[in-house]
Amino acid sequence: MSSTAGEDITVGTGHISCDLHSSTVVFSKLSSSYPLKLLSPRVAEHGVAIVYVMSYGGGLVGGDCMQLIVEVGKECKLLLLSQGSTKVFKTRAGNRASTRFRRSSSQPTPSSPSLQAVTTQSMEVTIAPDSALFLLPDPVTCFRSASYTQVQTFHLAGSASIVLLDWITSGRRSMGEDWDFLRYYSVNEVFIEGRRVARDVLLLDNSSLDTQTASESCSSNHTSRAPLRMLKDRLAPYSCYAMLLLYGPRTHDVVTDLQAKYRTISIFKRAAPERFLWSLTPVDDGKGAVVRAAGVDTEDVKNWFREALRGLEVVVGIDEYRKVFL
Amino acid sequence: MDTDFDETYILLLLADSNLPTGSFVASSGFESYGTHGFLSISSASSAGKGRATITGTVDFIQDSLHTYARSALPFVSDAYRIVDAFKDLKGKPEIEHDTTIKKLLELDELYETMTLNHVAKRASKAQGVALLTLYAKGFACPSGLGDEDHLSKSLAILIDRLKLMVRGEETHGHLPVCWGVLTGALGISLLRAQHLFLFLHARSLLSSAVRLNTIGPYSSQQLLLHSVRPLVEAEVSQNKDIRTGIFVDMHHNDADNRPATTWPLGEILAVRHDLQHSRIFNS
């Protein structure tokens, strides 16, 4: 993958490191460089800390590259939240020195340049024994023609816990955007004591030009070929998709609740899809779980998650949990 | 040597719908898709319900192929290459067996951790071990024939060992990995193996559709020849060079050419298969 000097520049980097000092979480590191901004409010609950991860301007521009390192110390419970949906604006090549490029896999055509300025966010997290991370941001919204890559890697000690929410909306409905971004690529990888237990990779790609070029080169009868489906066709009728991963002792009660709820569902033949859907699947022989959800309205998905994770109130505190899913 | 005829002969065997792999119990989420009401929402048609379900079926196949090609085909390709490399060593001492097995296990484990879908994994494991058994009991050179060469013997031992590890629950035996192993051992070209993998997936979906009565048997053949063929070819073309990256550069997570899920809706519906009040398929 080609890139400019962006790899080595410290633009958009952040470092969070916390430890427990007699039931109070203390940050030995809480630093960031523009355009990344970190904010930690005072928290009443013992052993719990909150950090808001934001970007100046409230959004990310094509080519922005943000790197965050997080170290959750022993017995700490850290909530990583955002303030508002992460907005990703369209690619604008060559604006910043740190601009990252990606060579498009398709042949360059007049309408699609061979280099796309990609917005990249990466997070590398270490979670110590008996500690927990709750990554519960607002969803990502990629605007028309935006290209976004997100890589999140989590290294957990054996007794650590994680609740990780990764979700995306279809764009600005007021502007008629309906899954009109160029590309969304998100990787979430979880290791327990060095062993990989889950690797979720979601690629939502609108460069259907690739498929078109390939189809035209084959000799079959073109008139009977099915129309090529766009991203919006594949994701309809939902405008919000979410993935929630739970693992570790602090998540057991929530997972048990979810399993009980799930078991009560029985589907009879429907004429049309429901407005909200969710699925539950075990991970690593049942030591963890993954929830996937989709909703016609993002608000419905948010409300569902708020209730589904209500069990976290006893883990992080009622006032602290109230700050999530605002 | 007429290698074209050899390869064609093997392809004919592998494309047999009577191949004992148990794929007929798997609808790959299609039954769930229909039950959840998704068949009727696609491309409105004035020609009535029949036309709509045919269109809906093709839409499902297109979306399913798109994500399956991107997520599973790289595992077929890498497993194939591992067996190919093993063959190049002419099956010499036991060390080659061990390293080959070790690599296949890593690949298998990666597929397990990347397929966060217990229904799909269930189906994948059942069909995977069936393929290994098929090689052991069907395709491997029978020992009585006498003209079994050293390489064939070595491959048979390798696959038998893998099969035993699956039965002993030391590894999962996922379908894409086993398919790569099987086709690598049989010696058809990688491209043929990739194409057949996706073709069989599409054909299985159409068979499921016929059994679910969403399309008729003639429609199924018509779709397979005219609508589905370019879809399969397009997906092979797009994904044939994608690798899992497991032996090279996994840390370059944002690299372009890695396996990925491209259809989250398909994942949700596939997992929800077991929630259907009544169902005729296992997945």
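Here, every reference points to the structure presented above.
Residues numbered from 1 in each chain as written. Chains lettered and ligands numbered in written order. Predicted model: local features only at pLDDT ≥ 70, side-chain atom pairs only at ≥ 80, totals over all residues. Heavy atoms only, no water.

**Re the interface of chain A and chain B**
No. 1: Across the boundary between the two partners, chain A contributes 62 residues, which contact 51 residues of chain B.
No. 2: When the two sides are added together, the surface that chain A and chain B hide from each other amounts to roughly 4900 Å², 57% of it contributed by carbon and sulfur.
No. 3: The shortest N-O distance in the salt bridge between arginine 272 of chain B and glutamate 274 of chain A comes to 3.5 Å.
No. 4: At the surface where chain A touches chain B, the tally comes to 14 residue pairs in polar contact (both at pLDDT 80 or more).
No. 5: Contributing elements (two or more residues each) for the side of chain A that touches chain B: strand 9 (100-103), strand 13 (147-156), strand 15 (183-192), strand 16 (195-205), helix 1 (209-216), helix 2 (231-235), strand 18 (276-283) and strand 19 (288-295) of chain A.
No. 6: Counting residues per element, the side of chain A that touches chain B draws most heavily on strand 16 of chain A, which supplies nine residues. (Contact = heavy atoms within 4.5 Å. Buried area = accessible area lost by both parts, 1.4 Å probe. Salt bridge = Lys/Arg side-chain N within 4 Å of Asp/Glu carboxyl O. Polar contact = N/O pair within 3.5 Å; in protein donor to acceptor, adjacent residues only side chain to side chain. Helix = DSSP H or I, 4+ residues; strand = E, 2+ residues; numbered from the N terminus.)

**Looking at the nonpolar core**
No. 1: Of all hydrophobic cores here, the largest spans 134 residues; its most connected members are Leu133 of chain A together with Trp179 of chain B.
No. 2: The element contributing the most residues to this core is helix 3 (residues 49-88) of chain B, with 16 residues.
No. 3: Contact partners of tryptophan 179 of chain B, with chain neighbours within four places excluded, come to Leu14, Val76, Leu131, Ala193, Leu196, Phe197 and Leu200 of chain B.
No. 4: Trp167, Ile267, Val291 and Phe305 of chain A belong to the second largest nonpolar core, which has 40 residues in total. (Core = buried A, V, L, I, M, F, W, Y, C linked by side-chain atoms within 4.5 Å. Buried < 20%, exposed > 50% of the residue type's maximum accessible area, 1.4 Å probe, protein only.)

**Observations concerning the pattern of salt bridges**
No. 1: On inspection of all chains with the given rule, the structure shows 28 salt bridges over all chains.
No. 2: Its salt-bridge partner being arginine 229 of chain A, residue aspartate 63 of chain B comes within 2.9 Å of it at the nearest N-O pair. In this pair, aspartate 63 of chain B is assigned in helix 3 and arginine 229 of chain A in the loop between helix 1 and helix 2, connecting two distinct chains.
No. 3: What emerges from the salt-bridge pattern is a single network uniting Arg229 and Arg234 of chain A together with Asp59 and Asp63 of chain B.

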